[in-house]
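So the chains spell out like this:
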Amino acid sequence: NGRELLKEVRTITPDVILMDIRMDIMDRIEATMEIRKLNKDIKVLACTGMSDENSVIRMVQAGCNGYLDKDSTVEDYDKAINIVMKEGIYFNDLMTKSIYKKAMDQMFSNKNIFGNLFNEMEIKVGRCLSRGLGFKQTGDEVDRSETSIPKYKSDILKKIGSENDIDIVRYF
């Protein structure tokens, strides 16, 4: 139960929380985000019998530090807790490979890996700018006028919540 978990977190300060991906009353995403608001130093490991990459990705976006399969051994849990305490993140090999494969499949199938955040032209412009191309070169590559590129750049920066050009390089 997510609400009970938050009540406990307010009373005690655990180093690590083993969070079931399926919880009643308050879901794991909301509970993880609330834990992050209360204390950014608490490590959260998602534990589940499902190996659904999308669920794991949503947990990481909410602030989770890693994933562990419920079928893992006691030694696996011990290893995961120690690694997350030392390095800040932990993913077992199977999940890491699965997420990597999904990302590569999306990239090579030309799917929009940015979800609905950017339109197709913003993605093309962002990738050109991240490679260090100027407005003229970018315009030539994406078949748009040089004068239209600053507007695309501005829109990208707004969507990623930044005013710094270097964030385009980091994002794309």
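### Considering the packing of helix α6 (residues 120-130) against helix α7 (residues 135-142)
Two numbers describe how α6 lies on α7: the axes approach to 10 Å, and their chain directions differ by 135°. Taken together, the axes of α6 and α7 are oblique relative to one another. Here α6 and α7 pass one another in a crossing that is right-handed. Contact residues: Met121, Lys124, Val125, Cys128 and Leu129 in α6; Phe135, Thr138, Glu141 and Val142 in α7. In terms of residue class, the contact of α6 with α7 is built from six nonpolar, one polar and two charged.

### Overview of the sheet that holds strand β3 (residues 66-69)
As summarised here, the arrangement of the four strands in space is β1-β2-β3-β4, forming an open sheet in which the pairing is parallel. The open sheet terminates on both sides in strands that have one partner only, identified here as β1 (16-20) and β4 (90-91). On top of the sheet, helix α2 (residues 28-38) reaches β1 and β2 (43-48); it is set at about 165° to β1, its chief contact.

Cut-offs used in this document
Residues numbered from 1 in each chain as written. Predicted model: local features only at pLDDT ≥ 70, side-chain atom pairs only at ≥ 80, totals over all residues. Heavy atoms only, no water. Axes fitted to C-alpha atoms, helices over the stretch in contact; angles between N-to-C directions. Helix = DSSP H or I, 4+ residues; strand = E, 2+ residues; numbered from the N terminus. Parallel < 35°, antiparallel > 145°, perpendicular 65-115°, else oblique. Left-handed = near helix turned anticlockwise from the far one by under 90°. Contact = heavy atoms within 4.5 Å. Nonpolar A, V, L, I, M, F, W, Y, C, P; charged D, E, K, R; others polar. Pairing = 2+ DSSP bridges.

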